[in-house]
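Below, each chain spelled out in residue letters.
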2 protein chains.
Amino acid sequence: MPETRHRVLAIARKLKYYPNSNARSLAARSSRTLGIIVSDIENPFFSLAVRSFEARAHRWRYDVIVSETNYELHLMRRAAERMLEQKVRGVAILTSEMSPTWLNEIARQDIPIACFDLDFVNKGATNLKVDYLSGMRQVIDHLYQLGHRRIAYVGGRRTFKNILSRHQSYIATMEALGLEPLPVANGNQTMDGGYVAGKSILGVSPRPTAVVAMNDLTAVGLIKAFNECGLRVPADISVTGFDNTYLAEYFVPRLTTVDMHADILGETAADALHEMSISAGTPAKEYKIKIELIIGKSTGPASVTATA
Amino acid sequence: MPETRHRVLAIARKLKYYPNSNARSLAARSSRTLGIIVSDIENPFFSLAVRSFEARAHRWRYDVIVSETNYELHLMRRAAERMLEQKVRGVAILTSEMSPTWLNEIARQDIPIACFDLDFVNKGATNLKVDYLSGMRQVIDHLYQLGHRRIAYVGGRRTFKNILSRHQSYIATMEALGLEPLPVANGNQTMDGGYVAGKSILGVSPRPTAVVAMNDLTAVGLIKAFNECGLRVPADISVTGFDNTYLAEYFVPRLTTVDMHADILGETAADALHEMSISAGTPAKEYKIKIELIIGKSTGPASVTATA
DNA sequence: ACTGTTTTCTGAAGCGCTTTTTTATTGAAT
DNA sequence: ATTCAATAAAAAAGCGCTTCAGAAAACAGT
């Protein structure tokens, strides 16, 4: 029997026969496709998540389609529509600019959802949660122990949920330490945003001795801005990132950052969708994504001159 | 009429109607989907190309599916099969580890192909060519003028066509300048490969005064390795990248590299596929991708002690 | 008013598969 | 041999759309 199967497959290949997946999905009333929507495919955090999601999905014999929202609302809409039109078997949403309207729409069609840090409460949705507060606290504690007191924060362009979480965690942690949260400079989640924010921070007086960036890309942009103005990191000013992308690891100086395990995130999302799709009615679980401080070389003792 | 259309669409939305794209593709005997296959989605060169490809494809009202080969043959095979099964309207192949067998297979089904730097000669294929020789020559000339004579090269893991092109161009250019090509260290196209290669280069005596990396990621890995051993870039050793990814721009020191215009590449590929798909029988064109040297801060005059 | 032509509308056919139903086949039990 | 359940094989019925053929309607020309 296995050999028969093998022969059939061999002949199929020889005959160049590739089953039409459209017909298959149509007839089976169910596609073998998972979707994943991310904010920014150029951000290594997301590309790593996409890769591990794909790898795991392929293991379960799904195809995957990926859409990017680029932090833009109309692309978010298109992405959601596309998932609906393609009749995906499940969709992972790793982007906070996804409106509840669409989430509900997807849930209404009984398509399993795995969302990263979006707080979408629905029986058809699995939540992948990150404890930002803990991450932010670890970062700031680390800086605090190094003697930093004027710690600034650089956030993202919009007030998306998870971007906001990081900001709120910053404020909460600062206050818990009896420090005054500094006015926030906002970037746009990427390097150039960080660069611009970095320039603006340099105008603040007294200058912060440390800057916490909302992600690694922003941190890199900050450092570039600082370097251009003759400031050394970490000698003159400390900078931290968030996400622990491969970028953080190879950047010089190696970034102090928070590991969010993008790879585990992607895998977990794929696993969760698979599980939900084979056993409908399973109560949606909630996963906690591990978070851990990675101490690099971009943070150092608060410089004496600056604190003086 | 337009208002009627608008009303219909509004009602469709209200009724939560999303046309089944599988049924549509099946009935129309033609999908509205373009495929793109890349080596490594984490490499910013590719992610940028994917993004611009998607953007342009969406403008022409195509959906796009992206597959990654990860430089692995079995994934390459799966990616090709998937394109065939999904009955894509055209496919862009931005990965040199794609066997001619599969290219022919795709061409045989009359699916337009746009391949980047793959030398696939077929009437159904558009070629996007890069003049590596020119790029490499510009890089090496630049180093030569800075006084470098012992210029090493760090290549990729396998002998894929385009990776090989860069290598051959290195050798040709060196010889043209009357310099001796040094033995090549091979990376794996990413940072950690560059890092390992960097360590091995440090063992070579006399040490090269400059290293040409096959891409930006490798260059970053190299620099990390050099830094760890106390070498400063560019004071002690110069390093160049290739691709001019955003990484190169924000890295400290800003990388000297070669811009391959990944965004234009992606757009051109999408345009070419679109054009081929609407007018079958058009003779396949050939596009030349512009290439240009970007001088950064990772290259400097050959250090006197090293050349001595 | 009548035929010939073009345009618009309606309904049926069919895309390439999976699934369900029907029919044929076998095997055991009477 | 005959009946009935169990199993295998073959045929039919869609899945949700697009397309195409044919019917109906509209428009001219004589």
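Right, let's walk through the structure included here.

## Focus on the overall build of chain A
Then, number 1: Each helix and strand counted, chain A has 12 helices and 12 strands in total.
Then, number 2: Principal axes of the C-alpha set define a box for chain A whose edges measure 80 × 40 × 30 Å.
Then, number 3: The buried share among the 308 residues of chain A stands at 54%.
Then, number 4: In chain A, the share of contacts with a sequence separation of at least 24, taken over all contacts with a separation of at least 6, comes to 72%.

## Structural notes on the pairing of strand β3 (residues 90-94) of chain B
Residue and element names in this part refer to chain B.
Then, number 1: Among the 5 residues of β3, 5 are classified as buried, and the element is accordingly described as predominantly covered.
Then, number 2: Judged by which residues are buried, β3 turns out to be covered on both faces: G90, A92 and L94 on one side and V91 and I93 on the other are all buried.
Then, number 3: With 5 bridges connecting them, strand β1 (residues 33-38) and β3 associate as parallel partners. If you follow I36 over to β3, its bridge partner there is A92.
Then, number 4: Sheet topology note: the β3/strand β4 (residues 113-116) ladder contains 3 bridges and is parallel. By the bridge assignment for β4, A92 is matched with A114.
Then, number 5: Taken together, β3, helix α5 (residues 100-108) and β4 form a β-α-β motif whose crossover is right-handed.

## A look at the relation of the copies chain A and chain B
Both copies of the chain are related through a single rotation about an axis accompanied by a shift along the same axis.
Then, number 1: Of the transformation superimposing chain A on chain B, the axial component is 0.0 Å and the angular component is 180°, with the fit at an RMSD of 0.0 Å. Taken together, the rotation angle and the small translation identify this as a two-fold axis. The C-alpha atom lying nearest the rotation axis in chain A is that of A:N22; the distance is 2.3 Å.
Then, number 2: Mapped onto chain B, 100% of the interface residues of chain A are again interface residues, and the two copies thus contact each other with one and the same surface.

## Section: the protein's contact with DNA strand D
Then, number 1: In the neighbourhood of DNA strand D, the contacting residues comprise A:L26, A:A27, A:R29, B:P19, B:N20, B:A23, B:R24, B:L26, B:A27 and B:A28.
Then, number 2: Elements supplying a minimum of two residues to the surface near DNA strand D: α2 (21-28) of chain A together with α2 (21-28) of chain B.
Then, number 3: By residue number, the principal contributor to the surface near DNA strand D is α2(B), which donates 5 residues.
Then, number 4: For the surface near DNA strand D, a count of residues per class yields 7 nonpolar, 1 polar and 2 charged.

## A word on the sheet that holds β1(B)
Residues and elements named next belong to chain B.
Then, number 1: Across the sheet, 6 strands lie side by side as β2-β1-β3-β4-β5-β11; this open sheet has parallel pairing. A single partner strand is all that each edge strand has here, and the edge strands are β2 (63-68) and β11 (286-289). Each strand axis lies, on average, 15° off the axis of its neighbour in the sheet, ignoring direction.
Then, number 2: Where β1 lies against β2, 6 bridges are found, and the strand directions are parallel. Along β2, the bridge assignment pairs L34 with V64.
Then, number 3: Across the face of the sheet, helix α4 (residues 73-85) comes into contact with β1, β2 and β3 while running at roughly 160° to β2.

## A few points about the interface of chain A and chain B
Then, number 1: Residue-level contacts link 38 residues of chain A with 39 residues of chain B.
Then, number 2: Among the secondary structure elements, those contributing two or more residues to the side of chain A that touches chain B are α2, α3 (44-59), β2 (63-68), α4 (73-85), α9 (216-228) and α10 (246-250) of chain A.
Then, number 3: Grouping the amino acids of the side of chain A that touches chain B by side-chain chemistry returns 17 nonpolar, 9 polar and 12 charged.

## Some details on the protein's contact with DNA strand C
Then, number 1: By nearness alone, every residue bordering DNA strand C is listed as A:P19, A:N20, A:A23, A:R24, A:L26, A:A27, A:A28, B:L26, B:A27 and B:R29.
Then, number 2: Sorting the residues of the surface near DNA strand C by element identifies α2 of chain A together with α2 of chain B as the ones contributing at least two each.
Then, number 3: Ranked by the residues each element gives to the surface near DNA strand C, the list is headed by α2(A), at 5 residues.
Then, number 4: When its residues are assigned to classes, the surface near DNA strand C shows 7 nonpolar, 1 polar and 2 charged.

## Describing unusual backbone geometry
Across residues other than glycine, the phi torsion is negative in most instances, and most of the peptide bonds are trans.
Then, number 1: Following A:S205, the chain continues to A:P206 via a peptide bond in cis, the omega torsion being 0°.
Then, number 2: Going from A:V233 to A:P234, the amide bond is cis rather than trans, its omega being 10°.
Then, number 3: Checked against the element boundaries, A:P234 lands in the loop between α9 and β9 (238-240).
Then, number 4: Here A:N70, not a glycine, exhibits a phi torsion of approximately 55°, which is positive.
Then, number 5: Within the element layout of this structure, A:N70 appears in the loop between β2 and α4.
Then, number 6: With phi around 65°, B:R61 is a residue other than glycine that occupies positive phi space.
Then, number 7: Checked against the element boundaries, B:R61 lands in the loop between α3 (44-59) and β2.
Then, number 8: The exposed category is assigned to B:R61, around which 8 C-beta atoms lie within 10 Å.

## Examining the environment of B:I278
All names here are of chain B.
Then, number 1: Following the sequence through the fold, I278 ends up in helix α11 (residues 262-278).
Then, number 2: Of the residues examined, I278 has 11 C-beta atoms within 10 Å and is grouped as exposed.
Then, number 3: Linking I278 and R89, residues 189 residues apart in sequence, is a C-alpha distance of 9.8 Å.

## Let's talk about the sheet that holds strand β1 (residues 33-38) of chain A
All names here are of chain A.
Then, number 1: Strand order in the open sheet made by the 6 strands is β2-β1-β3-β4-β5-β11, with parallel pairing throughout. Two strands bound the open sheet, and with one partner strand each, they are β2 and β11 (286-289). Here the strands of the sheet are splayed against their neighbours by 15° on average, with no regard to which way each runs.
Then, number 2: Across the face of the sheet, α3 comes into contact with β1, β2 and β3 (90-94) while running at roughly 175° to β1.

## Some thoughts on helix α11 (residues 262-278) of chain A
What sets the pattern is the α-helix's 3.6 residues per turn: residues three or four places apart point alike.
Residue and element names in this part refer to chain A.
Then, number 1: The terminal C-alpha atoms of α11, which comprises 17 residues, lie 25 Å apart, in line with the 24 Å expected from a rise of 1.5 Å per residue.
Then, number 2: The complete set of buried residues in α11 reads A262, L265, G266, T268, A269, A270, A272, L273, H274, M276 and S277.
Then, number 3: Here the buried face of α11 lies against β1, α3, β3, β4 (113-116), β5 (125-130) and β11.

## Observations regarding the nonpolar core
Then, number 1: Ranked by size, the top nonpolar core spans 174 residues in total, and within it A:I36, A:V91, B:I36 and B:V91 carry the most contacts.
Then, number 2: Here B:V91 is in contact with B:L34, B:G35, B:I36, B:I37, B:M83, B:I106, B:I111 and B:I113, once residues within four sequence places are set aside.

## Points about the packing of α3(B) against α11(B)
Residue and element names in this part refer to chain B.
Then, number 1: Relative orientation of the contacting elements α3 and α11 amounts to 40°, with a least axis distance of 7 Å. Relative to α11, the element α3 is oriented oblique. Considering only the axes of α3 and α11, their crossing is right-handed. Contacts between α3 and α11 involve F45, L48, A49, V50, R51, S52, F53, R56 and A57 on the former and, on the latter, A262, D263, L265, G266, E267, A269, A270 and D271.
Then, number 2: Looking at side-chain class alone, the contact of α3 with α11 contains 10 nonpolar, 2 polar and 5 charged residues.

## A short note on α3(B)
Residues and elements named next belong to chain B.
Then, number 1: Here α3 contains 16 residues, and its C-alpha end-to-end distance of 22 Å stays within 8% of the 22 Å for a straight helix at 1.5 Å per residue.
Then, number 2: Along α3, 12 of the 16 residues are buried, which leaves the element largely enclosed by surrounding structure.
Then, number 3: Regarding α3, the residues found buried are P44, F45, F46, S47, L48, A49, V50, S52, F53, E54, R56 and A57.
Then, number 4: Immediately beyond the C-terminal end of α3, within one or two residues, lies R61, with a positive phi of roughly 65°.

Each value, and the rule that gives it
Residues numbered from 1 in each chain as written. Chains lettered and ligands numbered in written order. Predicted model: local features only at pLDDT ≥ 70, side-chain atom pairs only at ≥ 80, totals over all residues. Helix = DSSP H or I, 4+ residues; strand = E, 2+ residues; numbered from the N terminus. Buried ≥ 20, exposed ≤ 12 C-beta atoms within 10 Å, placed from the backbone. Contact = placed C-beta atoms within 7 Å. Pairing = 2+ DSSP bridges. Right-handed = clockwise from strand over helix to strand, strands pointing away. Least-squares fit on C-alpha atoms with pLDDT ≥ 70 in both. Near = placed C-beta within 6 Å. Nonpolar A, V, L, I, M, F, W, Y, C, P; charged D, E, K, R; others polar. Axes fitted to C-alpha atoms, helices over the stretch in contact; angles between N-to-C directions. Expected span 1.5 Å × (residues − 1). Core = buried A, V, L, I, M, F, W, Y, C linked by C-beta atoms within 7 Å. Parallel < 35°, antiparallel > 145°, perpendicular 65-115°, else oblique. Left-handed = near helix turned anticlockwise from the far one by under 90°.

Read these as spatial facts, not as claims about activity.
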